[in-house]
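So you can see what is in the structure, the chains are spelled out below.
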Amino acid sequence: MKHVYLIGGPMGIGKSTICNQLNQDLDHSVFLDGDWCWNMDPFIVNQDTKNMVLDNITHCLNNFIHTPGIENIIFCWVMHKQDIINQIIQKLDTEGVDIHLTSLICEKEELIKRMLIDRRDNQTIRKSLQYLELYKDLDTQKIDVTTLDVQKTIDKIKR
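Thresholds applied
- Residues numbered from 1 in each chain as written.
- Predicted model: local features only at pLDDT ≥ 70, side-chain atom pairs only at ≥ 80, totals over all residues.
- Heavy atoms only, no water.
- Helix = DSSP H or I, 4+ residues; strand = E, 2+ residues; numbered from the N terminus.
- Expected span 1.5 Å × (residues − 1).
- Contact = heavy atoms within 4.5 Å.
- Polar contact = N/O pair within 3.5 Å; in protein donor to acceptor, adjacent residues only side chain to side chain.
- Phe/Tyr/Trp six-rings, centres within 6.5 Å; stacked < 30°, edge-to-face > 60°.
- Disulfide = S-S within 2.5 Å.
- Buried < 20%, exposed > 50% of the residue type's maximum accessible area, 1.4 Å probe, protein only.

Trainee: Would you explain helix α2 (residues 47-66) in this entry?
Mentor: Residues three or four positions apart in an α-helix share a direction because the helix packs 3.6 residues into each turn. If you check α2, its first and last C-alpha atoms are 28 Å apart, about what 20 residues at 1.5 Å a residue would give, namely 28 Å. Elements that come into contact with the buried residues of α2 comprise β1 (2-8), β2 (29-33), β3 (72-76), α3 (82-90) and β4 (97-105). If you check the start of α2, you find a side-chain oxygen 3.0 Å away from the backbone N of Asp48, and it comes from Asn46.

Trainee: Sorry, what's going on with the packing of aromatic side chains here?
Mentor: The relation between two aromatic rings is expressed through the spacing of the ring centres and the mutual angle of the planes. Enumeration according to the criterion identifies four aromatic pairs in this entry. Between Trp38 and Phe43 the ring centres are 5.0 Å apart and the planes differ by 80 degrees, which places this aromatic pair in the edge-to-face class. Plain terms: the ring middles of Trp38 and Trp77 are 6.3 Å apart, the flat faces sit at 75 degrees to each other, and that makes the pair edge-to-face. Remark: Trp77 occurs in the loop between β3 and α3 and Trp38 occurs in the loop between β2 and α2; sequence separation between them is 39 residues. Grouping aromatic residues by their ring pairs yields a cluster made of Trp38, Phe43, Phe75 and Trp77.

Trainee: Looking at this model, I keep getting lost on the state of the cysteines. Mind explaining?
Mentor: Each disulfide is one covalent bond, formed between the sulfur atoms of two cysteines. All told, the structure shown has zero disulfides when counted by the stated rule. Looking at the unpaired Cys19, the closest cysteine sulfur is the one in Cys76, lying at 4.2 Å. For the unlinked cysteine Cys37, the closest cysteine sulfur is that of Cys60, found at 4.9 Å. On the basis of relative accessibility, which here comes to 11%, the residue Cys37 falls in the buried class.

Written out as structure tokens, the structure reads:
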């Protein structure tokens, strides 16, 4: 049985840090960050680039699913809308695959603190705080990482 971990959360919450460590902790695993699938300059968000990035993501995830020897596939991206999650899942070959949906959340003050440590600009901080509110409506496991370290977060994801 293969496992696909879709891990969402607002910018700056620690998705990449968590997923990098989860990739090291799980056997026969691979990690894909959704941001890698449209790291463009200039960064353009329109329907064409949204379609392209979803195609890139699902193409990579399906390649991992179909590759013998890969058992755990870890994917992180903001995924702040249920429609984004649904579009990804609908395009995956999920036969013989367990999908684990997780959203990382935290207190607003903690998110601001983390983003300031990362030297994120005020516009990104405001956008991340707006996105944080959207996760409560998603059909995902919510993990409040306000007081959790990386390993405790990973332990909750694996459960």
